[in-house]
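Breakdown of the fold
Letter by letter, the chains look like this.
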Amino acid sequence: VLDWVSAYQGRARVVHGHAPVTQVRWVNQTLDIDTACVHGGRLTAWRYPEEEVVSVPARGVYKASRHVAT
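An account of the accompanying structure is given in this report. Owing to the predicted nature of the structure, the values given are computational and were not obtained by experimental measurement.

It is worth spelling out the sheet that holds strand S2 (residues 25-27) at this point. Taken in spatial order, the 3 strands line up as S1-S3-S2 in an open sheet, and their pairing is mixed. The open sheet terminates on both sides in strands that have one partner only, identified here as strand S1 (14-16) and S2. Recorded for the sheet is a direction-independent mean angle of 20° between the axes of neighbouring strands. Where S1 lies against strand S3 (residues 30-32), 3 bridges are found, and the strand directions are parallel. Along S3, the bridge assignment pairs His16 with Asp32.

Our focus in this paragraph is the packing of aromatic side chains. The full count for this structure, using the stated rule, is 3 aromatic pairs. Look at Trp4 and Tyr8: their rings are 6.4 Å apart centre to centre, the planes differ by 85°, and that puts the pair in the edge-to-face class. When its relative accessible area of 19% is taken as the criterion, Tyr8 is described as buried. Among the aromatic residues, those joined into a cluster by ring pairs are Trp26, Trp46 and Tyr48.

Tracing the backbone shows Gly41 in the loop between S3 and strand S4 (42-47). Classification of Gly41 by relative accessible area gives partly exposed; the value is 23%. Placed 28 residues apart in sequence, Gly41 and Arg13 show a C-alpha to C-alpha distance of 24 Å. Sequence-distant contacts of Gly41, that is, excluding residues within four places in its chain, are made with Thr35, Ala36, Pro57 and Ala58.

Calculation criteria
Residues numbered from 1 in each chain as written. Predicted model: local features only at pLDDT ≥ 70, side-chain atom pairs only at ≥ 80, totals over all residues. Heavy atoms only, no water. Pairing = 2+ DSSP bridges. Helix = DSSP H or I, 4+ residues; strand = E, 2+ residues; numbered from the N terminus. Axes fitted to C-alpha atoms, helices over the stretch in contact; angles between N-to-C directions. Phe/Tyr/Trp six-rings, centres within 6.5 Å; stacked < 30°, edge-to-face > 60°. Buried < 20%, exposed > 50% of the residue type's maximum accessible area, 1.4 Å probe, protein only. Contact = heavy atoms within 4.5 Å.

Below, the structure is given as structure tokens:
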């Protein structure tokens, strides 16, 4: 899989998911907010224009996890 966030050189901020992580991760103006809610992690949002990350714990595990990046 191409690690596009490491190669990203744009000025625009990109908020994305589909790459579960244990904690929100900023890399090169990209923000991964997929904190694995479906796997029992957290549901996370990025508030704009406040530029604030907000998250709440999942109420349960809805699908077993094969991999969540740290």
